[in-house]
Amino acid sequence: LIDMALPNVAGGILLFLSVGIGATGRSVCTTATAPSLSYHLHVLYMQNSQESTEKALDLRQRFIETFNLTNTPNCSFEAGDPQPEREDMCPFEIDEQPAGPFPTAQYAFFVPIGHFSEAVRWIMNHRGTLDAFVHPNSGCEVEDHTVWALWGGNEWPLDPSIFSCESPGCVPSG
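Residues numbered from 1 in each chain as written. Predicted model: local features only at pLDDT ≥ 70, side-chain atom pairs only at ≥ 80, totals over all residues. Heavy atoms only, no water.

Our next topic: the pairing of strand β5 (residues 105–111). For β5, the buried fraction is high: seven of the seven residues fall into the buried class. Residues of β5 alternate between two faces, with Ala 105, Tyr 107, Phe 109 and Val 111 on one and Gln 106, Ala 108 and Phe 110 on the opposite face, all of them buried. Here strand β3 (residues 38–45) runs beside β5; their pairing, made up of seven bridges, is antiparallel. From the neighbouring strand, His 40 faces β5, where its bridge partner is Phe 110. One ladder, built from two bridges, connects strand β4 (residues 90–91) with β5; its direction is antiparallel. By the bridge assignment, Pro 91 is partnered in β5 with Phe 109. (Buried < 20%, exposed > 50% of the residue type's maximum accessible area, 1.4 Å probe, protein only. Helix = DSSP H or I, 4+ residues; strand = E, 2+ residues; numbered from the N terminus. Pairing = 2+ DSSP bridges.)

Given below as structure tokens:
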């Protein structure tokens, strides 16, 4: 592993990221070596704002109803597990406070590749003033959450130092 300094656009502060380096001296995480195995769709909101929280929870419920997830249990696997064999969407628990790389409350859905287009199109069309974050799950967690991610609305600063996987197909332990 080597450390790299990258600018944080939101605050002008440098973030130090560890990047996996292969025998050739290059990062093992490239679009050529790390296919997207699945996706996560997140909605971030201000947990101290009743209006923001209500909008976010309403959007979550409408997503669940639209995609017939009402009787679907929450995802029972670690968030970093790409689950390439899984064919159905599932909701993760709601993080009502900052958790993981996120500086605010958020919730997420696991989205298999076969549901990517419809799920992302729906959330982007219905998010209103909320901020949506979509990233692939390739095993290269830093790139998945930074370089290869997309935002609808405002981009929030994330803390990639919490990630433990930095190679294609990696599944975090724990």
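On we go from here.
Next up on the list: helix α2 (residues 116–126). Residues three or four positions apart in an α-helix share a direction because the helix packs 3.6 residues into each turn. For α2, every residue scored as buried is listed here: Ala 119, Val 120, Trp 122 and Ile 123. Down the axis of α2, the buried side of the element spans an arc of 160°, and every buried residue falls inside it. On its buried face, α2 sits against β3, α1 (50–66), β5 and β6 (131–137). Note on α2: the residue one or two positions beyond its end, Gly 128, has a positive phi of about 60°. (Arc of directions from axis to C-beta. Contact = heavy atoms within 4.5 Å.)

This model, assessed by the stated rule, comprises three disulfides. Here Cys 75 engages in a disulfide with Cys 90; their sulfurs sit 2.0 Å apart. Note on the Cys 75 and Cys 90 pair: the S-S dihedral is about 110°, so by sign convention the disulfide is right-handed. With a gap of 15 residues between them, Cys 75 in the loop between α1 and β4 and Cys 90 in strand β4 connect regions that are remote in the sequence. The same class applies to Cys 75 and to Cys 90, which are both buried. Disulfide connectivity for the chain, with bonded cysteines indexed by sequence position, reads 1-4, 2-3, 5-6. (Disulfide = S-S within 2.5 Å.)

Shape descriptors only; they carry no functional weight alone.
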